[in-house]
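Report on the structure
One letter stands for each residue in the lines below.
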Amino acid sequence: MAVFKKLNQQTESRLLLEASEEVALPPAEVDAGAVVMQFEQWRPFIAELLEELRAGTTAEPVPVMNDEATFAVHGRTRTFWVKIWHASAERTRIERVQVLSCLPLARGVQVIAGPPFDEDEAEDEDEETGYEEDE
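Scope of this entry: the structure provided in the associated data block. Fair warning: this is a prediction, and the values are worked out from it, not measured in the lab. Starting afresh in each chain, residues are numbered from 1 along the sequence in its written order. Residues qualify for local features only when their pLDDT is at least 70, as the model is predicted, and side-chain atom pairs are given and counted only at 80 or more; totals for whole chains, interfaces and linings, by contrast, use all residues. To get the side-chain values, all heavy atoms of the structure are used, and hydrogens and water are removed first.

1. A few points about the packing of aromatic side chains
We apply this condition: Side-chain rings of Phe, Tyr and Trp (the six-membered ring for Trp) are treated as a pair once their centres are within 6.5 Å; stacked means planes under 30 degrees apart, edge-to-face means over 60, and tilted covers the remaining angles. Burial here depends on accessible area, computed with a 1.4 Å probe over protein chains only, as a share of the maximum for the residue type. Under 20% is buried, over 50% is exposed, and the range in between is partly exposed. A ring is scored as having a charge over it whenever the NZ atom of a lysine or the CZ atom of an arginine sits within 6 Å of its centre and within 35 degrees of its normal.
For the structure on display, the rule yields one aromatic pair. For the pair F39 and W42, a centre-to-centre distance of 5.1 Å together with 80° between the ring planes defines the contact as edge-to-face. Classification of F39 as partly exposed rests on a relative accessible area of 42%. Relative accessible area serves as the criterion here: at 7%, W42 is assigned to the buried category. When the ring centre of F45 is taken as origin, the NZ or CZ atom of R78, which lies over that ring, is 3.9 Å away. Taking NZ or CZ as reference, R96 lies 4.6 Å from the ring centre of W85, over its face.

2. Side note on the pairing of strand β6 (residues 71-74)
Selection rule: Strands here are runs of E lasting at least two residues and helices are runs of H or I lasting at least four, both read from the DSSP assignment and numbered beginning at the N terminus. At least two bridges found by DSSP between two strands is the condition for calling them paired.
Where burial is concerned, the two faces of β6 agree: the one with F71 and V73 and the one with A72 and H74 are both buried. Where strand β5 (residues 57-61) meets β6, three bridges bridge the pair, whose relative direction is antiparallel. The residue bridging E60 from the neighbouring strand is A72, located in β6. Sheet analysis places β6 next to strand β7 (residues 78-86), joined by four bridges and oriented antiparallel. By the bridge assignment, F71 is partnered in β7 with V82. Counting the residues in the hairpin turn of β6 and β7 gives three residues.

3. Points about the pairing of strand β8 (residues 94-104)
On a regular strand, each side chain points to the face opposite its neighbour's, so the side chains alternate between the two faces of the sheet. Judged from the three bridges that link them, strand β4 (residues 35-37) and β8 form a sheet pairing that is parallel. Considered in β8, the bridge of V36 is made with Q98. By the bridge criterion, nine bridges tie β7 to β8 in an arrangement that is antiparallel. Pairing of V82 across the sheet is with V99, part of β8.

4. With respect to the side chain of K83
To keep it simple, the criterion reads: The contact criterion used throughout is that any non-hydrogen atoms of two residues lie within 4.5 Å.
Inspection of the secondary structure puts K83 in strand β7. Excluding anything up to four places from it in sequence, K83 contacts D67, A69, T70, R96, V97, Q98 and L100.

As structure tokens, then:
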């Protein structure tokens, strides 16, 4: 896991969290003022994100983002796509959190399109058509 120093306009150094695998984040200090969000409509859910970050959580890379710096943090009711800047390599103080997305939590949800799949019916169809399954 790589942590790179970045400089902001105030010349304070911050460490942008970057990794290609999930990262276990220790409990960290983070102020509500450190959160920057794309849309104001997400403000009611930010307390849930802060609660997760303060308690320690797992940050999972978002596979559709190729920057290795966008992570999914799962709360009780929402999943947040975030970029996180820490004050030090120990990751116990968060200087900035940029919220890129705030989605309803859907972990463990299985989406089935079409009628339910029945393996016995599929085997019967193969026998009728004469096709063999590849092994």
